[in-house]
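Chain by chain, the residues run as shown.
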2 protein chains.
Amino acid sequence: MLEHTKKAIVVLSGGMDSTTLLYRLLYEGYGEVRAISFDYGQRHKIELERARQTCEALGVKHEVIDISTLMKFISNSALTNPDIDVPEGHYEDNSMQSTVVPNRNMIMASIAIGYAVNIEADVVALGVHAGDHAIYPDCRPEFIACLNAISHIANYRPIQIYTPYLDYDKGDIILDGKKLLVDYSLTHTCYKGNKKACGKCGSCEERLEAFEKAGIKDPIAYEESN
Amino acid sequence: MLEHTKKAIVVLSGGMDSTTLLYRLLYEGYGEVRAISFDYGQRHKIELERARQTCEALGVKHEVIDISTLMKFISNSALTNPDIDVPEGHYEDNSMQSTVVPNRNMIMASIAIGYAVNIEADVVALGVHAGDHAIYPDCRPEFIACLNAISHIANYRPIQIYTPYLDYDKGDIILDGKKLLVDYSLTHTCYKGNKKACGKCGSCEERLEAFEKAGIKDPIAYEESN
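Rules and cut-offs
- Residues numbered from 1 in each chain as written.
- Chains lettered and ligands numbered in written order.
- Predicted model: local features only at pLDDT ≥ 70, side-chain atom pairs only at ≥ 80, totals over all residues.
- Pairing = 2+ DSSP bridges.
- Helix = DSSP H or I, 4+ residues; strand = E, 2+ residues; numbered from the N terminus.
- Axes fitted to C-alpha atoms, helices over the stretch in contact; angles between N-to-C directions.
- Buried ≥ 20, exposed ≤ 12 C-beta atoms within 10 Å, placed from the backbone.
- Right-handed = clockwise from strand over helix to strand, strands pointing away.
- Core = buried A, V, L, I, M, F, W, Y, C linked by C-beta atoms within 7 Å.
- Contact = placed C-beta atoms within 7 Å.
- Parallel < 35°, antiparallel > 145°, perpendicular 65-115°, else oblique.
- Left-handed = near helix turned anticlockwise from the far one by under 90°.
- Nonpolar A, V, L, I, M, F, W, Y, C, P; charged D, E, K, R; others polar.

Engineer: For the sheet that holds strand β4 (residues 123-125) of chain B, give the residues involved together with the corresponding values.
Structural biologist: Residue and element names in this part refer to chain B. Within the open sheet, the five strands sit side by side as β3-β2-β1-β4-β5. Their pairing is parallel. With partners counted over all chains shown, the strands left at the sheet margins are β3 (61-66) and β5 (160-162), one partner each. Across the sheet, the mean angle from the axis of one strand to that of its neighbour is 25 degrees, orientation sign disregarded. In this sheet, β3 lies alongside strand β2 (residues 32-39) in parallel orientation, the contact comprising six bridges. Bridge pairing in β3 links Phe38 to Ile65.

Quick look at the structure:
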């Protein structure tokens, strides 16, 4: 457990992992916890609304940082380009590589580190986990180790990268969330971004498997066909 | 000398160092060279216009990426906050620390790497040099080494960070630029951002010293009092 005087920033997508992480930071007793979310023009913008609702419920200061103007320079991803279909099927399939936004985590982490330096925080917490390692190179342990190294030398104020779920799968995260009393009805996972989750995309499939593994009923609504 | 099939991106501020670097990349015979500049709400926005003019003169594709909306989250710097005075005096003085924008180079490099992956480039070139090491932690060799490491693992396409001037001072860069026939009349250095350089801020002082060291007359206009 860290000292109570430390200040932490969490990058909050509004999904299950980063939402659980926010509850974990509050539980760990940081002096202050703030959340930042990124609007990168994602189809599933409803997750930003869920992030806002979670922060409101927890009394956590929340900022949405708009980086959508960057996306035309970096993205051919299905997550932001309406001309590319979101792939269905298993989350770890190769087709899910079309959901990779080049260097997204490094860009978001860089901005989070700058924000942390600016408000004199100590820690940037990221909800990366083992389930993402196969698809997203910028969620792997070697990336996180290197990110932590660079964030200690890039500024006068060293910032610690904190990723307690790095070796967890999503089922493990939900089990942690159960202890932390996470309200999963305020989380969004589906890549298609409709109010009701599709239940079919790789992201939905992974969520449903994780709840099943944890032995908990997923409280969000799915489209009827499921 | 690198293979002619490789594609390079240069982060072009419109100042002397990155402009010289652009000429160097063209000389080194890359298959394609593109330039990107960042609008981060800098006072000295004239440098973006100079970057555009240089690229036009050289027939290089140039993009300006607007990250000014990020700045309110990360910056208390004199370079972007009109309430803070730009310090005068020697460039390596502690007072120049007020010109540090937290994590600026990491943010810009992250975006440049994402852009490079997206257009299938191989190299991101940065004009960092030894004169900046004292003031800006994110210009030091250990930062660049770590940046190069992370940019090789963050994406499916590894990107090489190229900083040929890392150990040069500004005088050495101008001597290289002399061989490369750089048009320094299309470069801007003064932090105050007026059409005529002030000749007094740390940045102007360093530029003038560098031209003197290189034994070349600086072709830009300075305010009369100099």
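Engineer: Describe the pairing of β2(B), naming the residues involved and giving the relevant values.
Structural biologist: Residues and elements named next belong to chain B. Across the eight residues that make up β2, a large majority, six, are buried. When strand β1 (residues 7-11) meets β2, the two strands line up parallel, connected through five bridges. In the strand pairing of β2, Ala8 is matched with Val33. Crossover connection from β1 via helix α1 (residues 16-27) to parallel β2: handedness right-handed.

Engineer: Give a detailed account of the nonpolar core, specifying residues and quantitative values.
Structural biologist: In terms of nonpolar packing, the biggest core is built from 114 residues, with A:Val10, A:Ala112, A:Val124, B:Val10, B:Ala112 and B:Val124 touching the most fellow members. Those residues in contact with B:Val124, other than ones at most four positions away along the chain, are B:Ile9, B:Ala109, B:Ala112, B:Ile113, B:Ala116, B:Ile159, B:Ile161 and B:Tyr162.

Engineer: Provide a residue-level description of the packing of helix α6 (residues 170-179) of chain A against helix α7 (residues 202-214) of chain A, including the pertinent values.
Structural biologist: Residue and element names in this part refer to chain A. Where α6 meets α7, the closest approach of the two axes is 8 Å, and the angle between their N-to-C directions is 55 degrees. Regarding the angle of α6 to α7, the classification is oblique. The handedness of the crossing between α6 and α7 comes out as right-handed. Residues Lys170, Gly171, Ile174, Leu175 and Lys178 of α6 lie in contact with α7, whose contacting residues are Glu206, Arg207, Ala210, Phe211, Lys213 and Ala214. Its residues assigned to classes, the contact of α6 with α7 comprises five nonpolar, one polar and five charged.

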